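# Tertiary structure, described
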Amino acid sequence: MALMVGARVLARNLLRPWSRLPDAVPGRTGPAAGGGDGVRCFGSPRVLVETDPAKGVAVIKLKNPPVNSLSLEVLTEFVISLEKLENDKTFRGVIVTSDCPGIFSAGLDLTEMCGKSQAHYAEYWRAVQELWLRLYLSNLVVIAAINGVSPAGGCLISLTCDYRVLADNPKYSIGLNETLLGIVAPSWFKDTLVNTVGHRTAERALQLGLLFPPAEALRVGIVDQVVPEDQVHSAALSVMARWLAIPDHARQLTKNLMRKPTADRLVKQRDADIQYFLQFISRDSIQKSLRVYLDKLRQKKG
Amino acid sequence: MALMVGARVLARNLLRPWSRLPDAVPGRTGPAAGGGDGVRCFGSPRVLVETDPAKGVAVIKLKNPPVNSLSLEVLTEFVISLEKLENDKTFRGVIVTSDCPGIFSAGLDLTEMCGKSQAHYAEYWRAVQELWLRLYLSNLVVIAAINGVSPAGGCLISLTCDYRVLADNPKYSIGLNETLLGIVAPSWFKDTLVNTVGHRTAERALQLGLLFPPAEALRVGIVDQVVPEDQVHSAALSVMARWLAIPDHARQLTKNLMRKPTADRLVKQRDADIQYFLQFISRDSIQKSLRVYLDKLRQKKG
Amino acid sequence: MALMVGARVLARNLLRPWSRLPDAVPGRTGPAAGGGDGVRCFGSPRVLVETDPAKGVAVIKLKNPPVNSLSLEVLTEFVISLEKLENDKTFRGVIVTSDCPGIFSAGLDLTEMCGKSQAHYAEYWRAVQELWLRLYLSNLVVIAAINGVSPAGGCLISLTCDYRVLADNPKYSIGLNETLLGIVAPSWFKDTLVNTVGHRTAERALQLGLLFPPAEALRVGIVDQVVPEDQVHSAALSVMARWLAIPDHARQLTKNLMRKPTADRLVKQRDADIQYFLQFISRDSIQKSLRVYLDKLRQKKG
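Residues numbered from 1 in each chain as written. Chains lettered and ligands numbered in written order. Predicted model: local features only at pLDDT ≥ 70, side-chain atom pairs only at ≥ 80, totals over all residues. Heavy atoms only, no water.

In the annotation of an unreviewed UniProt entry, the entry for chain A reads Enoyl-CoA delta isomerase 1, mitochondrial, and the organism field reads Lynx pardinus. As recorded by UniProt, the Sequence similarities (unreviewed entry) comment attached to chain A reads in full: "Belongs to the enoyl-CoA hydratase/isomerase family." Under the heading Subcellular location (unreviewed entry), UniProt records this for chain A: "Mitochondrion matrix". (UniProt positions renumbered as here; feature names shortened; annotations may be inferred.)

The following block contains the structure:
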């Protein structure tokens, strides 16, 4: 299958100008955690994929301990797994969740943005863009089963999904909190949030870097449902069944109708967005802030 | 008056490039149901118009049994009636409601989209566009008195109004449920819904083809008011009085300010939108789906 | 400092094409009301500025009795005060409030729009635009402490702020009520309201000229917080502290990200917007309406 997928990837890349993957991490096929009878296994060490072909549903579990930061490898493996699922007619929906207790994803990997080369920054940023574009426009039904705290890039992944189920644990806050670190959410993070909670809520949340605990997250609409922690997965499966009851083709075209104008804004200026990121991240003041922040994190661990 | 209206229609058509009516069904003038003293009567067999010149208010009652489907004739008669009211300075507001018990309108007439010629599809689609443009930008205050179920095109008509009053009957759900039939709401249906309930609610509602029962319809904002079934008309009249308290010219310019950018998106690509519809509706798979669906409906009736 | 500020203003004007101030009222430096130790005093007779350099916060108090109408002088002094605060690194936030009991601001000064020359109308409108652009894009945290009724232009000033605290007094309604006077809110007033409360709420509020009393204002989101009347200032200070906890640079870029597209719509057509205003305000019917209205106001006072 790998080769067939490869050929499809190529064909799709020719059609989608924005779809240049970073130097490919080969789509390793490994054992899926808990893979049993009838479960087709692919995925990679950091992006587990459990599949239930009978239901047409896969589960992507992020496993990059301790905090599921979105390293270049994780981003790349995530995109490859998603592409495989999209190209395999068996699958119509995917649940995105975390394999790291208490944390959905801490977001972008700051070590990828600090003390590296310009070429590395560009490659990393393109991979972030790619994941967003793939998830936001995925033909699959994508449900977020948010089983942990979900700041910044972790929140972004949730926002790209079609539906968000959050575990009712007061520690599991969710939001785009970039300003708290002295940085700014990119315009397409902003667009995704505005599309979800509206302009005013987004304006306040982004400026203050708000992290919403479950009840408030539900109230402002940054998640769709809050359930007891042990029911996140079953709730996501129930929601999935409802979305899969809709004919795929009509649902996919409708999703595209809603989201393509937003995605196109990035597609049309993808390189400019990378240049903007390079300028921003290369500033001495930003590099210094990141170093200080990373040193603190290391001391905590140490 | 007919001639004067005709001349005005011509003048307006020259000004509005989008305003080419389909081959005109002449604006028949018939007796309005229940028309009494001082009630000016026009309208047509399927689009009854009752008028109260003293109040400056007309009521348009759709009467195309059994389900008020929006046939080419209904669409054409609706636009003509609306145009007459707009050109008659006596009238400042119109209430749109149904004369068919339990159903506001089932929406577009699928028989107009199945097994007909390309030319017919094009004529039909242009008439759908025309009704939307006329209603959405009408200089009149337009209030929907929704006294029955209101899916798809029935919901669209409601959404073009300035205010929506829904009868509190659990059967009277409202929504753009196109995906349930395997079809996709056009971009301007989508725009109208987004303008009413916001991006996120629209995204979910459109993908799942949600039909909202009264309480939920009110909660998400797809209607403005829910009242006991026997009070729909009186509630619509009360609302009308409030809207008519505003100076017409200022209100009309403000309405235009809010809605013209959305309408212009269709006006600018009206022919392309028709071509897109032709391509879509001509597909074998879509024609087959429609035939199967229509056969089922016929069996139900039979 | 005045000269330095002057130089900065010049430099900024060159960068910002929209930033031509009307013939300058010199930035008079007067005693601030209640100015005590450590309080730097600037401002002008109608736009009092009280400062707390230790906290980095200033308070702008409008004082144009009896109703704080936004005369050309008030607009000009307001912009100059704001510019001074923005250019003085001491200040990071400003609270906008009223020195006139019971009224935040009655909005634009109708006497500036009635019986004057075209040149005057143009100068006045440019000043209205300027205040909106300055406030909406201000680098400072701007909090509205709304201690009185706030119609039309008074509401607009509130809407440009980052956060709105309204005194819980049933008389203190807020809204863009232009249609009640037979006039129309400009497109950028409309944009600011849509960004705050969403398209549908804005559409209804603008057409009906709705003035929301406190509880309803909070419910629709036209204000963020309603507090007892004697706590408006302290509540605004608490909110300010929270916003000032965010690093300035990240917050400012984020604010710009959210608001610049809206501001740019005016900047790109600023002269056309003035021409549109001139055409509108010069109409005999509008001039007559304004004269009638102003005569009524004078009779009330007399």
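With 20 residues of chain A at the contact, the number on the chain B side is 21 residues. With both chains or domains summed, chain A and chain B bury close to 1800 Å², and 63% of this area falls on carbon and sulfur atoms. On the chain A side of the interface with chain B, the three residues burying the most area are Trp243(A), Leu257(A) and Met258(A), jointly 32% of the side's total. At the boundary of chain A with chain B, the tally comes to two salt bridges. One salt bridge connects Arg259(A) with Glu203(B), and the closest N-O pair in it is separated by 2.8 Å. Between the two partners, chain A and chain B, sit eight residue pairs in polar contact (both at pLDDT 80 or more). Secondary-structure elements contributing two or more residues to the side of chain A that touches chain B are strand 10 (163-167), helix 5 (187-197), helix 8 (232-244) and helix 9 (248-267) of chain A. When residues of the side of chain A that touches chain B are assigned to their parent elements, the largest contribution, nine residues, is made by helix 9 of chain A. A per-class count over the side of chain A that touches chain B returns nine nonpolar, four polar and seven charged. (Contact = heavy atoms within 4.5 Å. Buried area = accessible area lost by both parts, 1.4 Å probe. Salt bridge = Lys/Arg side-chain N within 4 Å of Asp/Glu carboxyl O. Polar contact = N/O pair within 3.5 Å; in protein donor to acceptor, adjacent residues only side chain to side chain. Helix = DSSP H or I, 4+ residues; strand = E, 2+ residues; numbered from the N terminus. Nonpolar A, V, L, I, M, F, W, Y, C, P; charged D, E, K, R; others polar.)

Rotating chain A by 120 degrees and translating it 0.0 Å along the rotation axis places it on chain B, where the RMSD comes to 0.0 Å. Classification of the inter-copy transformation places it as that of a three-fold axis. Minimal C-alpha separation from the rotation axis in chain A is found for Gly198(A), amounting to 4.2 Å. (Least-squares fit on C-alpha atoms with pLDDT ≥ 70 in both.)

Most of the time, phi is negative for any residue but glycine, and the peptide bond is trans. Look at the link from Pro65(A) to Pro66(A): it is a cis peptide, with omega at 5 degrees. A positive phi angle, close to 45 degrees, is found at Ala152(C), a residue other than glycine. Of note, Ala152(C) is situated in helix 4 (residues 152-160).

Positionally, Gln207(B) belongs in helix 6 (residues 199-208). You can call Gln207(B) buried: its relative accessible area is 0%. Reaching out from Gln207(B), the side chain makes a polar contact with the side chain of Asp162(A) at a distance of 3.5 Å. Other than its neighbours up to four places away in sequence, Gln207(B) contacts Asp162(A), Trp243(A), Ile246(A), Arg251(A), Thr254(A), Lys255(A) and Thr179(B). (Buried < 20%, exposed > 50% of the residue type's maximum accessible area, 1.4 Å probe, protein only.)

Under the counting rule described, the total for this entry stands at 63 salt bridges over all chains. Note that Asp224(C) is salt-bridged to Arg200(A), the shortest N-O span being 3.0 Å. Taken together, the positions of Asp224(C) in the loop between helix 7 (214-220) and strand 12 (225-227) and Arg200(A) in helix 6 (residues 199-208) put the pair across two chains. Its salt-bridge partner being Arg164(C), residue Asp224(C) comes within 3.7 Å of it at the nearest N-O pair. Here the residue Asp224(C) occupies a position in the loop between helix 7 and strand 12, and Arg164(C) occupies one in strand 10 (residues 163-167), the gap between them amounting to 60 residues.

Residues and elements named next belong to chain A. Ordered in space as 6-9-11, the three strands form an open sheet in which the pairing is parallel. Bordering the open sheet on either side are strand 6 (102-103) and strand 11 (174-175), each of which pairs with just one other strand. One ladder, built from two bridges, connects strand 9 (residues 148-151) with strand 11; its direction is parallel. Paired with Ser150 across the bridge in strand 11 is Ile174. Contacts from helix 4 (residues 152-160) reach strand 9 and strand 11 within the one sheet, and its direction differs from that of strand 9 by about 95 degrees. (Pairing = 2+ DSSP bridges. Axes fitted to C-alpha atoms, helices over the stretch in contact; angles between N-to-C directions.)

Inspection of the secondary structure assignment puts Thr179(C) in the loop between strand 11 (174-175) and helix 5 (187-197). According to the relative accessible area criterion, Thr179(C) is buried, its value standing at 1%. Beyond its immediate sequence surroundings of up to four residues, Thr179(C) is in contact with Ile246(B), Pro247(B), Ala250(B), Arg251(B), Thr254(B), Leu206(C), Gln207(C), Leu208(C) and Gly209(C).

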